[in-house]
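Coordinates in review
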Amino acid sequence: MKLTALLAGLVAACPLIAQNPMLLPAAIEGPEAVLTLAPGEHDFGSGIVAASLGANGPILGPTLIVEQGDAVSWSVVNGLTESTTMHWHGMHVSPANDGGPHSIIDPGETWNPQFTVLDEAGTYWYHPHLHMMTDMHVSKGIAGQIWVRDAEELALPLPRTYGEDEFPIVLQTKAFNAAGDIIAHSNSDTLLCVNATYDAHLSVPASVVRLHLLNGSSQRVFYVGRSGDAPFHLMATDGGLLTEAVELTRLRLAPGERAEVLVDCSDLAGESFAFMSYASELPNAVYGASQPGMGAGQTLTGYNPNPMNGGDFELFSVSVDAPTPAAAVFEIPTTLDPSNENPFAFSDASLQRNLFMNPLSMGPNALNGGFIINGAPFDMEVINYTIPLDNIEVWNITNSSPIGHPFHIHDVQFYILERNGVAPPVEERGRKDVVFIPAMQSAKFICQFSDFADPEIPYMYHCHMLVHEDQGMMGQFLVVDPAANDVANAQAPQGWTVYPNPATDMLRFADLPEYTTVEIRDLSGRLVARERLAAEQAVGVQSLAPGVYLAAAFDVHGVNLGTVRWTKSR
Ligand code: C2O
Ligand code: CU
Ligand code: CU
């Protein structure tokens, strides 16, 4: 192996031989999982042992592996001493199941979202999302990957032996105070860890190896490549397989982004190499480059010194010396999932929304003053957009600030149509939920807001630099189903009914499919109850004032099954 060439490229202080075996999170396969959040203590392997937070352990959380179509039931037990939330980043779920800042889990409480997995095969992830506390809870350690399999993925010859030829790889940098505690909202992130392991080493078999890369850092952008510029293949972006594998030597990975890559190690038995971040090649104004500002010498207060900024460093080392699993794969497939091609043309969109990212204070202090979208910081009480169910929209995001921001939106996977007016590179043409927008640049994406409407609980969009998100670089939108709210024109129930009518204590439902959600409204359209029907298909109505009400039903996909008029009696 070319150890000398590798070492010559290292600027940051990296040891000669990576020493710490990379931590492998447990895997929970199947639709049911319990995530118990608790404080702990974690030894990063760098001499630093710090107070941490984790799910089912002191740091990070298990990898949840599910299949499209699974009826998932995930329980989040909050064993912390403070409130939090749990968001399934990238997954297409209803607002009530999304785990955004409105779905608070208090200490001692359990939150149990249940939904059908509608997503394409891909790498999703979970992390807390409490407003202003996201960075603290994630940096202290709560994060994990979610892998979705689907029929197209399962039909492909791909590595899928957990921890042998298929690995979750969580890339993060962390900042500490003088007392050795992990801190949030800091530009002094100097500890690089992979799966919470400093100076991490991964032992792999001499076959094709599949890495699920996640940038779970608060701020830092990585420019991923192999030592010696050896190639690797990108097979999936945030929310799905590419139509074809793309051979690359570099991949920019911003906070929140995921990439599944295949590395052909079949001919490398006994050899070693490294995954690097070639941060010296990042252009200015990307967090991780030598300078954040646009012009030469135009640095921002608080950004430097940080030895990680602008220098190349090793992410983790790999040695090809592990036993080959029975189901090993020795060739990288070329065709992946052709059905994941962008189905939308610009002209399909019924509108274009323009969003501008700005610093609160322009100038050298921009990095420390916070950033906003469209002139206003996030407000829990303000709905920024109301989107009709099934709308196809183009979002045009312009970054008018001196640092790049990864823009993330909940609910949907989108396709990037343009960067600065031109089509994106081939590695960015797949399904995405984060788009990194360098300083003074713009990007347009297209997506459809299908399946889930909720007149009350919003979805979020925000910068995935967690500092910026916490400081208010976030907005929220409702997806509304005009048909469901239109009391006068409510559609007739499709083969189901309610009884007794009039009802006093319990309103019972007959002939609705499993997991139906029912909404009860008064005649002004005001929502008075929403419930997912369990085995007992009934909703308690004893507390409602006597009068006439409507009951609407929605299947697991949010499809409206019609409305029944019923009377509440004393
Ligand atoms: Cu990964 Cu709104 O978040
Ligand atoms: Cu998200
Ligand atoms: Cu940002």
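These numbers come from a predicted model, not from an experiment.

Bringing the domain arrangement of the chain into the picture now. Per the domain assignment, the segments making up the chain are domain 1 (346–482) and domain 2 (485–568). Taking the mean C-alpha position of each, domain 1 and domain 2 sit 35 Å from one another. Across the boundary between the two partners, domain 1 contributes 8 residues, which contact 12 residues of domain 2. Of the roughly 690 Å² buried between domain 1 and domain 2, counting both surfaces, carbon and sulfur atoms make up 36%. Looking at the side of domain 1 facing domain 2, the largest losses of area belong to D451, P455 and D481, adding up to 51% of the total buried there. Our enumeration of links across domain 1 and domain 2 arrives at 1 salt bridge. The salt bridge involving R530 is made with D454; its shortest N-O contact spans 3.0 Å. At the junction of domain 1 with domain 2, the criterion picks out 1 residue pair in polar contact (both at pLDDT 80 or more).

Moving on: the nonpolar core. Counting residues in each nonpolar core, the largest one holds 53 residues, and the members touching the most others are I169, L211, F275, L315 and F316. Beyond its immediate sequence surroundings of up to four residues, I169 is in contact with M22, Q145, V194, N195, L202, L211, H212, L213, L214 and F316. Membership of the second largest hydrophobic core comes to 34 residues, among which are L389, W395, V435 and M473.

Moving on, we get to the packing of aromatic side chains. Inspection of every chain in the model, using the stated rule, returns 26 aromatic pairs. Between W74 and F115, the ring centres sit 5.6 Å apart and the planes meet at 90 degrees, which makes this aromatic pair edge-to-face. Pair noted here: W74 is in strand β6 (residues 71–78) and F115 is in strand β9 (residues 114–116), with a separation of 41 residues, a long-range link. Of the residues examined, W74 reaches a relative accessible area of 0% and is grouped as buried. A relative accessible area of 6% means that F115 is categorised as buried. Considering the side-chain rings of Y287 and Y303, the 5.2 Å spacing of their centres and the 90 degrees angle between planes classify their relative orientation as edge-to-face. Taken together, the positions of Y287 in the loop between β23 (272–278) and β24 (312–322) and Y303 in the loop between β23 and β24 put the pair 16 residues apart, joining distant regions of the chain. Its relative accessible area of 0% is what places Y303 among the buried residues. An aromatic cluster of at least three residues, connected via ring pairs, comprises Y385, W395, F407, F414, F445, F449, Y459, Y461 and F477.

Another aspect to go through is the environment of N358. With respect to the helices and strands, N358 occurs in strand β25 (residues 351–359). Assessed through its relative accessible area of 25%, N358 is described here as partly exposed. Measuring from C-alpha to C-alpha, the distance between N358 and S207 comes to 47 Å, with 151 residues separating the pair along the chain. Excluding residues within four positions of it along the chain, N358 makes contact with F371, I372, S400 and S401.

Rules used throughout
- Residues numbered from 1 in each chain as written.
- Chains lettered and ligands numbered in written order.
- Predicted model: local features only at pLDDT ≥ 70, side-chain atom pairs only at ≥ 80, totals over all residues.
- Heavy atoms only, no water.
- Domains from an automatic or database assignment.
- Contact = heavy atoms within 4.5 Å.
- Buried area = accessible area lost by both parts, 1.4 Å probe.
- Salt bridge = Lys/Arg side-chain N within 4 Å of Asp/Glu carboxyl O.
- Polar contact = N/O pair within 3.5 Å; in protein donor to acceptor, adjacent residues only side chain to side chain.
- Core = buried A, V, L, I, M, F, W, Y, C linked by side-chain atoms within 4.5 Å.
- Buried < 20%, exposed > 50% of the residue type's maximum accessible area, 1.4 Å probe, protein only.
- Phe/Tyr/Trp six-rings, centres within 6.5 Å; stacked < 30°, edge-to-face > 60°.
- Helix = DSSP H or I, 4+ residues; strand = E, 2+ residues; numbered from the N terminus.

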